[in-house]
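Fold and contact review
Each chain, letter by letter, is given below.
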Amino acid sequence: MSSTPAPGPQPSRTAPEADRPRPKPRLVFDDPLDQQSSDDTDRGWGERPPAGGSAADLARFLDEKPPHHV
């Protein structure tokens, strides 16, 4: 057995990023209507990307078929 005391808990080290202050959010005065929103795209409306083949066409037809056609 050793007569030296067990080392205590080590002080935790902080990451160098934690020492730096966070940059303040900047104000942007651009026109928001100049940017394309997700609703402006087919993907934003739930459309699938175009896929070739009749199996993909059949799957799309079956997914989009109205309930009264079932």
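Below is a short write-up of the structure. (Residues numbered from 1 in each chain as written. Predicted model: local features only at pLDDT ≥ 70, side-chain atom pairs only at ≥ 80, totals over all residues. Heavy atoms only, no water.)

Okay, the overall build of the chain next. Regarding its fold elements, the chain presents two helices and zero strands. Counting every position in the chain, which comprises 70 residues, the buried fraction comes to 0%. (Helix = DSSP H or I, 4+ residues; strand = E, 2+ residues; numbered from the N terminus. Buried < 20%, exposed > 50% of the residue type's maximum accessible area, 1.4 Å probe, protein only.)

This brings us to a nonpolar patch on the surface. Taken together, the side chains of L58, F61 and L62 define a hydrophobic patch exposed on the protein surface, amounting to about 320 Å² of accessible area. Relative to the helices and strands, F61 is located in helix α2 (residues 54-64). (Patch = residues over 30% accessible without salt bridge, like charges linked within 9 Å, V, L, I, M, F, W, Y side chains within 5 Å. Areas by Shrake-Rupley, 256 points an atom, 1.4 Å probe, with all protein chains shown as cover. Salt bridge = Lys/Arg side-chain N within 4 Å of Asp/Glu carboxyl O.)

For the structure on display, the rule yields one salt bridge. Where R60 meets E64, a salt bridge forms, and the shortest distance between an N and an O atom there is 3.1 Å. One end of the pair is R60 and the other is E64, both in helix α2 and four residues apart, which spans about a single turn.

Moving on to the environment of R60. The class for R60 is partly exposed, based on a relative accessible area of 42%. Those residues within four positions of R60 in sequence are excluded, and the remaining contacts are E47 and R48. (Contact = heavy atoms within 4.5 Å.)

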